[in-house]
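What the coordinates show
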Amino acid sequence: MPPSSEIQASNPETIAFIGAGNMARSLVGGLVARDKPAAAIRVAEPVAELRDAMQRDFGVAVFVEGADAVAGAATWVLAVKPQVLRSVCAALAPLAQASQPLVVSVAAGITAAQLERWLGGDVAVVRCMPNTPALLGAGVTGLYANPRVGADGRRRAQALLAAVGATVWLDDEARMDAVTAVSGSGPAYVFLLAEAMQAAAIAEGLPAEAARTLVLQTILGAARMLTEDDADAGELRRRVTSPGGTTQAAIEAFEAGGLRELVADAIAAATLRGRQLSAAND
Ligand SMILES: NC(=O)C1=CN([C@@H]2O[C@H](COP(=O)(O)OP(=O)(O)OC[C@H]3O[C@@H](n4cnc5c(N)ncnc54)[C@H](O)[C@@H]3O)[C@@H](O)[C@H]2O)C=CC1
Ligand SMILES: O=C(O)[C@@H]1CCC=N1
C-alpha cells in the first residue's frame with residue numbers, strides 16, 4: 001500500500017473507514033459486493049486480526065492509524081464505538097480542518113454538533129444509523145445532514161448508504177435516537193424472537209435442526225410478505241388467525257403477556273440509551 005505522503009488531493013470516490021468492526025464490515029462488504037472498487041476503500045483498525053480480515057475478505061487497503069487511512073479520501077466514515085469517538089475525532093481534527101472531508105458517522109447517540117466540535121468546527125457531518133443487514137444489501141439507514149452538508153455531500157452520503165439498502169432522510173436530528181432504537185438495534189429483536197421460537201420448538205419435541213429450518217424460513221417468509229404484499233402487518237396477521245384456531249391461542253397469550261407494551265418499553269429504553277450515550281461521551 002502506498003504511504004500517505006504519496007497521496008495528494010482528496011478523491012471524491014475514495015472512502016476511509018475508521019474502525020473495522022461489525023458495522024464497518026457490513027458496510028464495506030455491502031459496497032464491495034455492489035461493485036464499489038476495493039481500491040477506493042481504505043480502512044483503519046488497531047486490531048490486527050480485524051485488519052487482516054478486511055484485507056483478505058474484501059481486498060481493501062488497511063492501516064493501523066486513522067490519519068493514514070483518511071489520506072486522499074474525501075469521505076470519512078467513523079465506525080468506532082461512541083465511547084472512543086471523541087478521542088478518534090481529536091486525532092483527526094487537524095486533517096479534517098485541512099482537507100474538509102464529508103464526515104459520515106454511524107455512532108449511536110453522538111450528535112452532529114458534537115462531532116463538528118470534536119473535529120475542530122465547521123465540518124460537514126452526516127449522522128447516520130445503518131443496520132447489519134447492510135452486509136446483504138438489505139439494510140436500512142436513517143440519515144441526518146448538518147447545515148454544512150451541501151447537495152454534493154448529501155448525494156455522496158446517499159450513494160454510500162443506498163449501496164447497502166434503503167435510506168430514510170430526517171430533517172429533525174432529535175429523532176435519530178428513535179431510528180437507532182427501531183432499525184439500528186432492530187435486527188437483534190428479530191434474532192431474539194428467532195432464539196425464543198427455536199427454544200420453544202425444541203421444548204415441544206422438535207429436533208433442533210428441524211426447529212431451526214422451520215423458524216428461520218417462517219421469519220424469512222413473513223418478512224417477504226410484509227414487504228411484498230400491499231396488506232399491512234395487522235391485516236397479514238388476521239389472515240393467518242382462524243377464529244378459535246391455533247394462531248388465536250398464541251396471539252391471546254402474547255397479548256395477555258403484554259407483548260405490545262413490552263416492545264414499546266424496549267424501544268423507549270433504547271431511545272433513552274441513545275440520548276445517554278451523547279451526554280456520557282461528551
Ligand atoms: N453493530 C450494529 O448493529 C450497529 C452499530 N452502529 C454503530 O457503529 C459503531 C461501531 O459499532 P460496531 O461495529 O458494532 O463496534 P465494533 O466494536 O465491532 O467495531 C468498532 C471497531 O473500532 C475499532 N477502533 C477502536 N479505536 C479505534 C481507532 N482509534 N481507530 C480505528 N479503529 C478503532 C475497534 O478495534 C473495533 O474493531 C458504533 O458507534 C455503533 O453505535 C450503528 C448501527 C448498527
Ligand atoms: O447497540 C448499539 O449500541 C448499536 C447501535 C445500533 C445497533 N448497535
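Residues numbered from 1 in each chain as written. Chains lettered and ligands numbered in written order. Predicted model: local features only at pLDDT ≥ 70, side-chain atom pairs only at ≥ 80, totals over all residues. Heavy atoms only, no water.

1. Focus: the site of ligand 2
- Neighbouring ligand 2 are the residues Ala108, Gly184 and Ser185.
- Compared with its free state, where it exposes 250 Å², ligand 2 has 47% of that area covered by protein. (Near = heavy atom within 4 Å. Areas by Shrake-Rupley, 256 points an atom, 1.4 Å probe, with all protein chains shown as cover.)

2. Details of the packing of aromatic side chains
- Tallied over the entire structure, the rule returns zero aromatic pairs.
- Taking the ring centre of Trp169 as reference, the NZ or CZ of Arg154 above it sits at 4.6 Å. (Phe/Tyr/Trp six-rings, centres within 6.5 Å; stacked < 30°, edge-to-face > 60°. Lys NZ or Arg CZ within 6 Å of the ring centre and 35° of its normal.)

3. So, the UniProt feature "domain: Pyrroline-5-carboxylate reductase dimerisation" (unreviewed entry) in the protein
- Under the local residue numbering, the UniProt record ascribes the feature "domain: Pyrroline-5-carboxylate reductase dimerisation" (unreviewed entry) to residues 173-277.
- For residues 173-277, the helix share is 82%, the strand share is 0%, and the end-to-end C-alpha distance is 15 Å. (UniProt positions renumbered as here; feature names shortened; annotations may be inferred. Helix = DSSP H or I, 4+ residues; strand = E, 2+ residues; numbered from the N terminus.)

4. Considerations on the UniProt feature "domain: Pyrroline-5-carboxylate reductase catalytic N-terminal" (unreviewed entry) in the protein
- Within the UniProt annotation, "domain: Pyrroline-5-carboxylate reductase catalytic N-terminal" (unreviewed entry) is assigned to residues 14-109.
- Along residues 14-109 the backbone is 48% helical and 23% strand, and the end-to-end C-alpha distance reaches 26 Å.

5. Overview of the domain arrangement of the protein
- Each assigned domain of the protein is listed with its residue range as follows: domain 1 (11-179) and domain 2 (186-277).
- Summarising the inter-unit geometry, the C-alpha centres of domain 1 and domain 2 are found 32 Å apart.
- Facing the ten residues of domain 1 at the interface are five residues of domain 2.
- Across the contact surface, domain 1 and domain 2 share zero salt bridges.
- The interface formed by domain 1 and domain 2 contains zero residue pairs in polar contact (both at pLDDT 80 or more).
- For the side of domain 1 that touches domain 2, the secondary structure elements donating two or more residues are helix 4 (82-99) and helix 7 (176-184).
- In terms of residue class, the side of domain 1 that touches domain 2 is built from five nonpolar, four polar and one charged. (Domains from an automatic or database assignment. Contact = heavy atoms within 4.5 Å. Salt bridge = Lys/Arg side-chain N within 4 Å of Asp/Glu carboxyl O. Polar contact = N/O pair within 3.5 Å; in protein donor to acceptor, adjacent residues only side chain to side chain. Nonpolar A, V, L, I, M, F, W, Y, C, P; charged D, E, K, R; others polar.)

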